[in-house]
Amino acid sequence: MTALDDLIETALPDADSEISVGFLTQQGVRHASRQRSYRNHVLSLRVGDAVGSCAVEPGEVGEDVVLDCVGAPVRDLLRHPLPAVRIAALDAHLQHLRPHHEHAEAVHLDRGDSLRKSLHRSQHVVDLLPSGGRRVLVVGVVNSLLQRLRERGIGYVACDRKGGSTEWDEPVITDAEGALDDCDAVLASGMVLGSGTFQTLLDHARRTGKPLVFFAQTGSGVLPRFLGDGVTAVSAEPYPFFWLDGGPSVLYRYSEVACR
């Protein structure tokens, strides 16, 4: 699959299902003992038993857009002018056709407070990075992931479109493309699908052979379709996300090696 648009074109002939539910999730968090807080806004659309999601900027998707999606055929939404709607609809459609539990390793996160669950999740995500990397470009800053990299003695460059600083007062750069050549691997959020950075990362991985690993709430059903074609591994976490509840939850791990 060359690009996201190609995947959408491939999906169109079978996209007869309709969206049954649409909703926006707005979340803010500051883990106990942490000094930084952050927030997420996520558009989610449901097809059958599958929920597809795409992170959005505050105010990017209004209630009218969400309501217009409900009852609409997936095929129409794959042509929607808003990228977030196209991605959420594609994500739901692909998960409906290819459920995670039938094709990936299920990893169960124990119940716990928000920090405990975040650290548990980050452990399983970082485990997907191949050994031997000395410096990782992390696109989409999650401090728990950075903490796990620090514990393992792996250097990193923190990158996020919002900029700022990490929990350890390290600068967060905003230009992922400019840092690619100085890193041995890339660990990226599925949010890059909506931000337009995905193709840049994918092209770099294909050209250089560097590992490209995703932790995906956005596009958890989309990114595994690029496994072995630039993408090395995916931690797929469809809705409901780990941060919504203190009880047990599940993520699904795909790896290029496991699929050979």
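Before reading further, recall that the structure is shown in the block above.
Residues numbered from 1 in each chain as written. Predicted model: local features only at pLDDT ≥ 70, side-chain atom pairs only at ≥ 80, totals over all residues. Heavy atoms only, no water.

1. Side note on the environment of aspartate 203
Let me state the cut-off plainly: Each helix corresponds to a stretch of at least 4 residues labelled H or I by DSSP, and each strand to a stretch of at least 2 residues labelled E; elements are numbered beginning at the N terminus. Burial classification: accessible surface area is computed with a 1.4 Å probe over protein chains only, and a residue below 20% of its type maximum counts as buried, one above 50% as exposed, and the rest as partly exposed.
Along the polypeptide, aspartate 203 turns up in helix H8 (residues 198-208). With relative accessibility at 34%, the residue aspartate 203 sits in the partly exposed group. Sequence separation between aspartate 203 and leucine 128 is 75 residues; the distance between their C-alpha atoms is 20 Å.

2. Observations regarding the pattern of salt bridges
Under the convention used in this document: Whenever Lys or Arg places a side-chain nitrogen within 4 Å of a carboxyl oxygen from Asp or Glu, that contact is recorded as a salt bridge.
In total, this model carries ten salt bridges according to the counting rule given. Linking glutamate 151 and arginine 148 is a salt bridge whose minimum nitrogen-to-oxygen distance equals 3.0 Å. One end of the pair, glutamate 151, and the other, arginine 148, are both in helix H6 (residues 143-151), three residues apart, so they sit about a helical turn from each other. According to the relative accessible area criterion, arginine 148 is buried, its value standing at 16%. For the salt bridge of arginine 150 with glutamate 170, the shortest nitrogen-to-oxygen distance reads 2.9 Å. Placement of the pair is arginine 150 in helix H6 and glutamate 170 in the loop between strand S6 (155-159) and strand S7 (185-189), with a sequence separation of 20 residues. The exposure class assigned to arginine 150 is partly exposed, which follows from its relative accessible area of 39%.

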